[in-house]
Amino acid sequence: MFTDAHVWEGTARRLTAAGAQVRAVTLAGPGRPRAGDGPEPDAGAHAEAEADLETHIEEVCAAIDAVTGAPGGTGGRGIVLVGHDYGVHPVLGAADRRAERVARIVCVDAGLPQDGVPPLAAVPDQSVRALPAEEAASGTTAGVLPPPGREEWTQWGSTAGVSEEALDRLTARAAPQPLGTLLRPLRLSGAAAAVPTTGVLCTANGVGIDMVQRLVDLGDPALRALTGPGVTFFELPTGHWPMLSCPEDLAGVLLRAAAGEGHRLTPPGASGTPAHLHPFPLPVPELPRERRGNVDFYFPRPGGTKGIEGAERAERVDGPRPAVVFVHGGPVPAGAEPSPRDWPVLAGHARYAAGQGAVGVTVEHRLHDVADYPRAAGDVAAAVDLVRADPRVDGDRIALWFFSGGGPLLADWLAKPPAWLRCLAAAYPVLAPLPNWGMSADSRFHPVRALADAGQAPPPLVLLRVGLESPEIAATVSGFLAAAGEREAEVRVVDVPHGHHGGGPGDPEEEWRGAVREAVRAVLDRLDA
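Sequence order as written defines the numbering, with residues in each chain counted from 1. Confidence filtering applies because this is a predicted model: local features only for residues at pLDDT of at least 70, side-chain atom pairs given and counted only at 80 or more, and all residues used for totals across whole chains, interfaces and linings. Side-chain measures were taken over the full set of non-hydrogen atoms in the model, leaving aside hydrogen atoms and water.

Next up on the list: the sheet that holds strand 8 (residues 231-236). The criterion for strand pairing is that DSSP finds at least two bridges linking the strands in question. What counts as a helix is a DSSP run of H or I of at least four residues, what counts as a strand is a run of E of at least two, and both are numbered from the N terminus. Strand order across the open sheet formed by 4 strands is 3-4-7-8, with parallel pairing between neighbours. Pairing within the sheet leaves two strands with one partner each, and these edge strands are strand 3 (79-84) and strand 8. Taking the axes of each pair of neighbouring strands and ignoring which way they run, one obtains an average angle of 20° across the sheet. Two elements, strand 4 (residues 102-108) and strand 7 (residues 197-202), share 4 bridges in a ladder whose sense is parallel. The partner of Ile 105 across the bridge, within strand 7, is Thr 197. Seen against the sheet, helix 8 (residues 209-217) touches strand 7 and strand 8 and runs at an angle of roughly 140° to strand 8. Each axis is a line fitted through C-alpha atoms, and for a helix only the stretch in contact is used; angles between axes span 0 to 180 degrees, taken between their N-to-C directions. Note on contacts: a residue pair is in contact if any heavy atoms of the two residues lie within 4.5 Å.

Encoded structure:
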């Protein structure tokens, strides 16, 4: 979006030196020159703001025909189509119409679009996603989206690795994006499904191969195609603009992709138990589940004190109990089976807390996309109200525990903590929006900023941290701890030194057992304080 062929100059130069023929295509739009045979566009300009996705698909088809001959010719399957960001939509549309001529599709830091879905759905900037629904449905809206200012590019993806000079040039050359290119649904016949595909993931933008494998393991049918034999992946340790930040590395990856190289994902369960279905590391009591809507309750056995630590806590077991509410991460595909509240890690934590004398509660919320945080926050708040209203629960002694991508939901409770909230806990959490989420600078779901700006002291915090976290998520945790230090907040950090995000079969079980036991004990101690 907003760019022309100039962004590919460095990568194109290196590919050409390696013997490849390169064409960089400038797509129609106001102020954008037409693309020529090389990385530099020809003279002439498009002035039409009414260009749409179909216009851009036709331009990519024309570029294919220019190399291989008109449709029905004998050009053969020699074309590797490379789409970056929005560009993957016209690339996939053209590949669908010229499948017999395309050897491979390469998606550079972009998802794989689906039939009938407009590019708007993939735009990271959620303020842009909020275009009027009737306009998005029509697919015919004229007008343009202004290009970002120099300090606004991060709302469209991480600029990590891009030099100041390159960022200045990107801004100076940026052109408006026709709205029709975002609002018209992509229409696919299915022909491109047989074309081999490679994804190039830019890890500083928030997604790596391990994270994609975890998403596949959740069972989303739309992602199962990523495990096909013709699909490969590469990682680059850079931001969203690898053609500007590391053109030589990107050129090398594109050549390897063209040769069919790269990492291949496995179907769900094919390489062992997925991380989210790995058994809970501690023994838990067999307790009945009481399900009410999206909330599951696990109550301690009446009158039982087994597992209760400390005489003070044991004295209270026959009255209303404190509750620990466990909130899963995400985004999780709608309809995932099993659903999050049936995952061993979530139900196991709740049962373990109940075995220690508290009420263990799990909440299933509707975080299916990063745009769903407001809806998920509402689900959690309503669930907490339901928990506090139960006469078996001491409504003045509540702890909330968030996992992984549920971490941003902490922000509301940090900004205005109620008196009954005795503790906040988080396990391997994301504590600030990742670059590819496209959240605005003043997003409500930013725990680091919520902690720094809160008008009152936060409740005690318990943080379970894994030593082998991805650098992007680890940076959010470091920022959170720095803000906690500035606020002199009480934070108990429990480490799993050799643990990965979410754990799994390869992680040291003894480390996880000790860490979970210590973290739960720390939360219950704060409920009893």
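Quick look at the sheet that holds strand 14 (residues 421-427) now. Spatial strand order, 9-10-12-11-13-14-15-16: 8 strands in an open sheet with mixed pairing. Lying at the two open borders of the sheet, with one neighbouring strand each, are strand 9 (290-292) and strand 16 (491-496). In this sheet, adjacent strand axes meet at a mean angle of 20° when their direction is disregarded. Sheet topology places strand 11 (residues 321-327) next to strand 13 (residues 393-403); 6 bridges connect them, and they run parallel. Its bridge partner being in strand 13, Arg 321 is matched across the sheet by Val 393. Packed on one face of the sheet, helix 17 (residues 509-528) meets strand 11, strand 13, strand 14, strand 15 (461-466) and strand 16 and runs near 165° to strand 16.

So, about the packing of helix 2 (residues 53-68) against helix 3 (residues 88-97). At their nearest, the axes of helix 2 and helix 3 sit 8 Å apart, and the two run at 60° to each other. The angle between helix 2 and helix 3 places the two elements in the oblique class. Handedness of the crossing formed by helix 2 with helix 3: right-handed. Two secondary-structure elements touch here, helix 2 through Leu 53, Glu 54, His 56, Ile 57, Glu 58, Val 60, Cys 61 and Ile 64 and helix 3 through His 89, Pro 90, Gly 93, Ala 94 and Arg 97. Note that the term roughly parallel is reserved for angles under 35 degrees, roughly antiparallel for angles over 145, roughly perpendicular for angles of 65 to 115, and oblique for everything else. If you view the pair so one helix is near and one far, a crossing is left-handed when the near helix is turned anticlockwise from the far one by less than a right angle, and right-handed when it is turned clockwise.

For the rest of this paragraph, the subject is the packing of aromatic side chains. Ring pairs shown here join Phe, Tyr and Trp side chains whose ring centres sit within 6.5 Å, with only the six-membered ring taken for Trp; geometry is labelled stacked below 30 degrees between planes, edge-to-face above 60, and tilted in between. Under the definition given, this model contains 13 aromatic pairs. Note on Phe 280 and Tyr 352: the rings are 6.2 Å apart at their centroids and 50° apart in plane angle, and the pair reads as tilted. Taken as a pair, Phe 280 in the loop between helix 10 (247-258) and strand 9 and Tyr 352 in helix 12 (residues 344-355) lie far apart in primary sequence, 72 residues in all. Per-residue accessibility, obtained with a 1.4 Å probe over protein chains only, is compared with the maximum for each type, and a residue is labelled buried under 20%, exposed over 50%, and partly exposed between these values. Phe 280 sits in the buried class, given a relative accessible area of 13%. Between Phe 297 and Phe 299, the ring centres sit 5.6 Å apart and the planes meet at 0°, which makes this aromatic pair stacked. Judged by relative accessible area, Phe 299 falls into the buried class, the value being 16%.

The next point concerns the confidence of the model for the protein. What pLDDT reports is the predictor's confidence in each residue, on a scale of 0 through 100. Summing up the model confidence of the protein, the mean pLDDT is 88 and the portion of residues at 70 or higher is 90%. Long-range and interchain partners of residues 307-316, a stretch whose pLDDT sits below 50, account for 19 contacts in this model, where long-range means more than four residues apart.

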